[in-house]
Amino acid sequence: MALLLCVFAAVISTALWYAHGENSTMKIGILCWLFWGASIMWFVDAVFEYIQFGASYFKPSGAEMLNDAFLGLSVIALALVIWIAAVLITDPSGAVKRALFRQNDSENSRTEKEKKTENLK
Amino acid sequence: MACFLVPGAEALVMTAVTYAVRKREVRLSNGGVEKALSDSDAHMSASHTGKIALSRKLTWLTNLLWGGVVLLAFEHLWHGEIVPWFPFITGASNPADTASMLHEMSTVGVGMAVLVTLIWCIMTGIVHIFEKRQLAGDSRQDQVE
């Protein structure tokens, strides 16, 4: 289930990367590498488990499936957190920088206004 | 148990190799003069020849490896196979578990590293065909002009 969820995530992120083009500032490529890397490795793990357990590998119990789905969703959440952190830290579109400086500018103008009103008083 | 350590070790080695290759490419592009090292420098040097730099191709491999290793490490943490105290891997706590851990590393771990590398080889092979076509197209256009 975790492998399946990871493969879906990999395909969706790759499609998004393709749709947005290589000049996109959203760095979707990071998600593609994360999900494809994990999918390939989990695939190998699945092959070895199939060799070991045979057809029963495809018949997991309800509890096993639920736990595995929970794991898969958690892995996707972790990958999304890594991705958004990378986007915000590298700030390719400069949105974080603009937001920070705008805040500073507004703070500076506010203190200047306060000084002016104090002087007038 | 600790199968992700094998692709992790490969990722570590390949990151070092990528860094060395990029350094060499930048040095060559500057005629022996070394300057600030950046990804774009190496890519720019390769774009002059119409080819993708080797360091960029190697980065694809390291990205795949690190991506997989990070998410698999989380999975191992989830299953309690990695712990935040010594020896960090539960498989290394007693000899019987260590033997099965080493067996898993030599089978599943090596399999993971090999498959990722194999897929990267196929990927770079396809890219090489694209590069050849691009170069052929460029030279044909030059002849027409």
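Treat the numbers as computed from the prediction; the structure is a model and nothing was measured.

What counts and how
- Within each chain, residue numbers correspond to sequence positions counted from 1 in written order.
- Each chain gets a letter, beginning with A, and each ligand a number, beginning with 1, in the order they are written.
- A pLDDT threshold of at least 70 governs which residues receive local features in this predicted model, and a stricter bar of 80 or more applies before side-chain atom pairs are shown or counted, although totals over entire chains, interfaces and linings include all residues.
- Side-chain metrics in this entry use all non-hydrogen atoms of the structure; hydrogen atoms and water are not considered.
- Aromatic rings from Phe, Tyr and Trp, with only the six-membered ring used for Trp, were paired whenever their centres fell within 6.5 Å, and each pair was classed as stacked if the ring planes differed by under 30 degrees, edge-to-face if by over 60, and tilted otherwise.
- Think of it in three bands: with a 1.4 Å probe and only protein chains considered, a residue is buried below 20% of the maximum accessible area for its type, exposed above 50%, and partly exposed in between.
- Secondary structure follows DSSP: runs of H or I at least 4 residues long count as helices, runs of E at least 2 residues long count as strands, and numbering of each begins at the N terminus.
- By the convention used here, residues are in contact when the closest approach between their heavy atoms is within 4.5 Å.
- Using a 1.4 Å probe, buried area is obtained as the accessible area two parts lose upon being combined, added over both of them.
- We count a salt bridge whenever a side-chain nitrogen from Lys or Arg sits within 4 Å of a carboxyl oxygen from Asp or Glu.
- Pairs of N or O atoms within 3.5 Å make up the polar contacts considered here, provided that, within protein, one atom can donate a hydrogen while the other can accept it, and that residues adjacent in sequence are counted only when both atoms are side-chain atoms.
- Polar here means any residue other than Ala, Val, Leu, Ile, Met, Phe, Trp, Tyr, Cys and Pro, which are nonpolar, and Asp, Glu, Lys and Arg, which are charged; Gly is therefore polar.
- Only residues whose relative accessible area exceeds 30% and that form no salt bridge are eligible for patches; like-charged ones are grouped when within 9 Å, while nonpolar side chains (Val, Leu, Ile, Met, Phe, Trp, Tyr) are grouped when within 5 Å.
- What sets the accessible areas is the Shrake-Rupley method with a 1.4 Å probe; for residues, cover comes only from the shown protein chains.
- As used throughout, the charge tally considers Lys and Arg to be positive and Asp and Glu to be negative, leaving His and the chain termini uncounted.
- Axes, fitted as lines to C-alpha atoms, cover a helix only where it is in contact. Angles between the N-to-C directions of the axes lie from 0 to 180 degrees.
- By definition, turning the near helix anticlockwise from the far helix through less than a right angle yields a left-handed crossing, and turning it clockwise yields a right-handed one.
- How far a helix is expected to stretch is found by multiplying one less than its residue total by 1.5 Å.
- A residue's pLDDT is the predictor's confidence in that residue, given on a scale from 0 to 100.

The subject of this paragraph is the packing of aromatic side chains. Summed over all chains, the structure comprises five aromatic pairs over all chains. Taken together, a centroid distance of 5.4 Å and an interplanar angle of 55 degrees make the contact between Tyr50 of chain A and Phe58 of chain A tilted. By relative accessible area, which is 59% here, Phe58 of chain A ends up exposed. Ring geometry for Phe70 of chain A versus Trp78 of chain B: centroids 5.2 Å apart, planes at 80 degrees, classification edge-to-face. Here the residue Phe70 of chain A occupies a position in helix α3 (residues 62-90), and Trp78 of chain B occupies one in helix α3 (residues 54-78), the pair thus bridging two chains.

With 21 residues of chain A at the contact, the number on the chain B side is 23 residues. Between chain A and chain B, roughly 2000 Å² of surface is buried when both sides are summed, and carbon and sulfur atoms account for 85% of that area. If you look at where chain A meets chain B, you find zero salt bridges. At the boundary of chain A and chain B, one finds one residue pair in polar contact (both at pLDDT 80 or more). Listed by contribution, the elements that provide at least two residues to the side of chain A that touches chain B are α2 (28-53) and α3 of chain A. Sort the elements by how many residues they give to the side of chain A that touches chain B and α2 of chain A lands first, with 13 residues. For the side of chain A that touches chain B, the class distribution of residues is 17 nonpolar, three polar and one charged.

Before going further, it helps to spend a moment on a nonpolar patch on the surface. Taken together, Met1, Leu4, Phe8, Ile12, Leu16 and Met65 of chain A make up a surface patch of nonpolar side chains, about 590 Å² in accessible area. On the accessibility criterion, Met1 of chain A (39% relative accessible area) is partly exposed.

Let us look at the side chain of Asp45 of chain A. The topology assignment puts Asp45 of chain A in helix α2. Lys59 of chain A provides the closest opposite charge to the buried, unpaired Asp45 of chain A, separated from it by 20 Å. Asp45 of chain A has contacts with Val108 and Met112 of chain B, leaving out every residue within four places of it along the chain.

What follows concerns unusual backbone geometry. Residues apart from glycine generally show negative phi values, whereas peptide bonds are mostly found in trans. A cis amide bond, omega 5 degrees, links Phe86 of chain B with the succeeding residue Pro87 of chain B. Tracing the backbone shows Pro87 of chain B in the loop between α3 and α4 (95-144). Here Lys27 of chain A, not a glycine, exhibits a phi torsion of approximately 50 degrees, which is positive. Mapped onto the elements, Lys27 of chain A comes out in the loop between α1 (2-20) and α2.

This next bit is on the pattern of salt bridges. Residue and element names in this part refer to chain B. On inspection of all chains with the given rule, the structure shows one salt bridge over all chains. Notably, a salt bridge pairs Lys57 with Glu131, separated by 3.4 Å at the nearest N-O pair. Placement of the pair is Lys57 in helix α3 and Glu131 in helix α4, with a sequence separation of 74 residues. Accessibility assignment for this pair places Lys57 and Glu131 in one class, buried.

Residue and element names in this part refer to chain A. One can describe the packing of α1 onto α3 by two numbers: an axis separation of 8 Å at closest approach and a directional angle of 30 degrees. Taken as a pair, α1 and α3 cross one another with a handedness that is right-handed. Together, Ala2, Leu5 and Ala9 of α1 and Asp68, Ala69, Leu71, Gly72, Leu73 and Ile76 of α3 make up the contact between the two elements. Split by residue class, the contact of α1 with α3 holds seven nonpolar, one polar and one charged.

It is worth spelling out α3 of chain A at this point. End to end, α3 of chain A covers 42 Å across 29 residues, agreeing with the expected 42 Å (1.5 Å per residue, within 8%). Ala69, Leu71, Gly72, Ser74, Val75, Ile76, Ala79, Trp83 and Val87 of chain A are the residues of α3 of chain A that are buried. For α3 of chain A, the elements touching its buried residues are α1 and α2 of chain A together with α3 of chain B. One or two steps after α3 of chain A, the chain reaches Asp91 of chain A, where phi turns positive at roughly 45 degrees.

We now examine the confidence of the model for chain B. On average, chain B scores 85 in pLDDT, and the residues at 70 or more come to 86%. Confidence, expressed as mean pLDDT per element, reaches its minimum in chain B at helix α2 (residues 39-49) of chain B with 54 and its maximum at α3 of chain B with 94.

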